[in-house]
Amino acid sequence: MTTQMKEEAPLGKIIVITSGKGGVGKTTSAAAISAGLAKLGHKTVVIDFDVGLRNLDMIMGCERRVVFDFINVIQGDAKLKQALIKDKRLDTLSILPTSQTRDKDALTQEGVEAVLDELKQEFDYIICDSPAGIERGAQLAMYFADEAVVVTNPEVSSVRDSDRVLGLLASKTRRAESGSSEPVKAQVLLTRHDQGRIDRGEMMTVEDVLEILAVPLLGIIPESQAVLRASNVGTPVILDDPSNASRAYGDAVARLTGEDVEMRVGDEPKPGLFQRLFGRSA
Amino acid sequence: MSLFGFAFKPRRAKSAQTAKDRLQLLLAHERASGAPDIEFLPQLQADLLAVIRKYVKVDDDDVEVKMQREDDVSSLEINVEMPARAKDDAKAESGTGSAKKA
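Presented here is an overview of the structure given in this document.

Procedures and definitions
- Residues numbered from 1 in each chain as written.
- Chains lettered and ligands numbered in written order.
- Predicted model: local features only at pLDDT ≥ 70, side-chain atom pairs only at ≥ 80, totals over all residues.
- Heavy atoms only, no water.
- Helix = DSSP H or I, 4+ residues; strand = E, 2+ residues; numbered from the N terminus.
- Buried < 20%, exposed > 50% of the residue type's maximum accessible area, 1.4 Å probe, protein only.
- Contact = heavy atoms within 4.5 Å.
- Areas by Shrake-Rupley, 256 points an atom, 1.4 Å probe, with all protein chains shown as cover.
- Pairing = 2+ DSSP bridges.
- Axes fitted to C-alpha atoms, helices over the stretch in contact; angles between N-to-C directions.
- Expected span 1.5 Å × (residues − 1).
- Arc of directions from axis to C-beta.
- Core = buried A, V, L, I, M, F, W, Y, C linked by side-chain atoms within 4.5 Å.
- Polar contact = N/O pair within 3.5 Å; in protein donor to acceptor, adjacent residues only side chain to side chain.
- Salt bridge = Lys/Arg side-chain N within 4 Å of Asp/Glu carboxyl O.

Helix and strand content of chain B: 3 helices and 3 strands. The helix and strand sequence of chain B, counted from the amino end, reads α-α-α-β-β-β. Taking all 102 residues of chain B together, 24% fall into the buried category. Within chain B, contacts between residues separated by at least 24 positions form 37% of all contacts whose residues are at least 6 apart in sequence. Total accessible area computed for chain B in this model is approximately 8,000 Å², and 55% of it derives from carbon and sulfur atoms.

Next up on the list: the sheet that holds strand β8 (residues 217–222) of chain A. Residue and element names in this part refer to chain A. With mixed pairing, the 8 strands of this open sheet are ordered in space as β3-β4-β2-β5-β1-β6-β7-β8. On the outer flanks of this sheet lie β3 (85–86) and β8, each paired with one strand and no other. Pairing geometry for strand β2 (residues 44–48) and strand β4 (residues 93–96), over 4 bridges, is parallel. The partner of I47 across the bridge, within β4, is L96. Packed on one face of the sheet, helix α1 (residues 26–39) meets β1 (13–18), β2, β4, β5 (125–129), β6 (147–152) and β7 (185–193) and runs near 170° to β5.

What follows concerns the environment of Q75 of chain A. Residue and element names in this part refer to chain A. In this fold, Q75 is placed in the loop between α3 (70–74) and α4 (80–83). Along the backbone, Q75 and L107 are 32 residues apart, and their C-alpha atoms lie at a distance of 8.9 Å. Apart from residues lying up to four places away in sequence, Q75 is in contact with R102 and A106.

A few words now on helix α5 (residues 109–120) of chain A. Residue and element names in this part refer to chain A. Taking 1.5 Å per residue as the helical rise, α5 with its 12 residues ought to reach 16 Å, and the 16 Å between its terminal C-alpha atoms agrees with that figure. Regarding α5, the residues found buried are G111, V112, V115, L116 and L119. One face of α5 carries all of its buried residues, which in axial projection span an arc of 130°.

Note that S29 of chain A resides in helix α1. Contact partners of S29 of chain A, with chain neighbours within four places excluded, come to I17, V151, L189, T191 and Y249 of chain A.

One recurring pattern in soluble globular proteins: nonpolar side chains tend to sit buried together. All names here are of chain A. If you look at the biggest cluster of nonpolar residues, it comprises 51 residues, and the most contacted ones within it are F49, F70, L107, V112, L119, I126 and L169. With 5 residues, the top contributor of residues to this core is helix α7 (residues 156–169). Leaving out residues up to four positions away in the same chain, L169 has contacts with V16, M142, A148, V150, A176, V184 and A186. V24, I85, I127 and A226 belong to the second largest nonpolar core, which has 37 residues in total.

Our next topic: the side chain of D146 of chain A. Residues and elements named next belong to chain A. Tracing the backbone shows D146 in the loop between α6 (136–143) and β6. Since its relative accessible area comes to 17%, D146 is described here as buried. Looking at D146, its side chain comes within polar contact range of the side chain of R175, at 2.9 Å. Contacts of D146, omitting those with residues within four sequence positions, involve G12, K13, I14, R175, P183, V184 and K185.

This part covers the pattern of salt bridges. Per the counting criterion, the structure on display carries 16 salt bridges over all chains. Here R192 of chain A and E223 of chain A are joined by a salt bridge, their closest N and O atoms 3.0 Å apart. Of this pair, R192 of chain A sits in strand β7 while E223 of chain A is found in the loop between β8 and α11 (225–233), placing the two residues 31 residues apart along the sequence. Residue class for R192 of chain A comes out partly exposed when judged on its relative accessible area of 42%. Taking the relative accessible area as the measure of exposure, E223 of chain A reaches 34% and is therefore partly exposed. The partner of D208 of chain A in a salt bridge is K20 of chain B, and the shortest N-O contact between them spans 3.1 Å. With D208 of chain A in helix α10 (residues 206–213) and K20 of chain B in helix α2 (residues 15–33), this residue pair bridges two chains. The two residues D208 of chain A and K20 of chain B agree in class, both being buried. Each of K43, K81 and E122 of chain A takes part in one network of salt bridges that share partners.

So, in C-alpha cells, the structure goes:
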C-alpha cells in the first residue's frame, strides 16, 4: 500500500521494569513511567506480565474496563486491538492487562514475541511490567527488551536480587543470546529512598548501591505518601497531585528519553520539630 | 524509642555500612563462583572417572568432587577412593588431590 507514511515510524522500544524481589515498586514504577512517557506525547503501551496476579489495571485505574487480556491475545481468542485499553486521561497511553485466572504457563515465547512485534508497529515505547521472581513470567518479560529498569530499594535483599536480575539480563535475553546486537541497556531506579535514614547511617546511600550493582542510575524516587494515595484512587503517581515522588519519576522519564537531567534527591519534607528532637537518638 | 534511649544505649555501629559490607562479600562470591561453578561439577566428576578408569578399576561413587568457598579463596577437592587389592599388587592407597583456585 503506497499511501503516504505517517509522519514518523514509531520508535518501538521495549523497556522491561523488573527487580527480582517483590514489593519494591515495579508496578508503581511501570505505571508512572508509562504515563510519564505518554504525557510527553510518546505513544506508549504498558503490558502486565504478572499472569494470575493482575494488578497493573488497578494502579492504572482501568480495572473495570478489562474485557480481553494479554493471554486471550496470545491464544488467539481476541485481537490485540480488542484487548488494549485506552487510558482516559492520556490518549497516547494504552494498557494491556493480563489474565487473572490463568497461570504463567499460558505465556509462550512465540506468543509474546508476536504481540510485541505487533505493538512495535504502533507504539514508541512498550513497557513490560515484570512479575517478581526470576521464573518464566519474569524471564519472558525481559527476554525481548531493549532496555531494562531494575527497581531497587536500598536494602540488602532487594540489592542482592537486583544483582541476580542484572546477571539474567546479561545472559538470558534475546540481545544477550544473539551476541551481535548491543546488550540490554540496564539502569537502576532506586525507590523508597529516605535521606533521613541515610543521614543516620541506617540506610545504604545511592553511591553504595551503585558501587555494588555497577550500572547507571535512572533516578532516585523518595519514600513518599503520595504513592499509596495515588494507588488508592487508581492514578499513576506521576499524574496525581504534584509530589516529590511524581517529580522524581518525571526526571527519570526524561532521562529515559535521552534527556540529560541533573540527579536530585527530592525527599519528602523534613520531619516535624518533635521528631527531629527525639526521633534520632537510636 | 524512648526519650532517654540515648543515655542508656551504647552507640551502635552504622548498620548501613554493615549492609554494604555483607552485600559486597556475598555478591563477589555469587558472581564469580555462583551457578557456573556448580554446573560443571557433575561433568568434571564424570570426566575424571573416565580418565581414571583407563588405568584403574573404580566404581561410580569412588570419585568425589567438592567445591568449597571461603573468604578469598575457593578450593576444589577431588577424592579418589582406590580399590583395595590383593597384597601382590602394591598397596593402593586412597589418593587425595587438591587444587586451589583464587
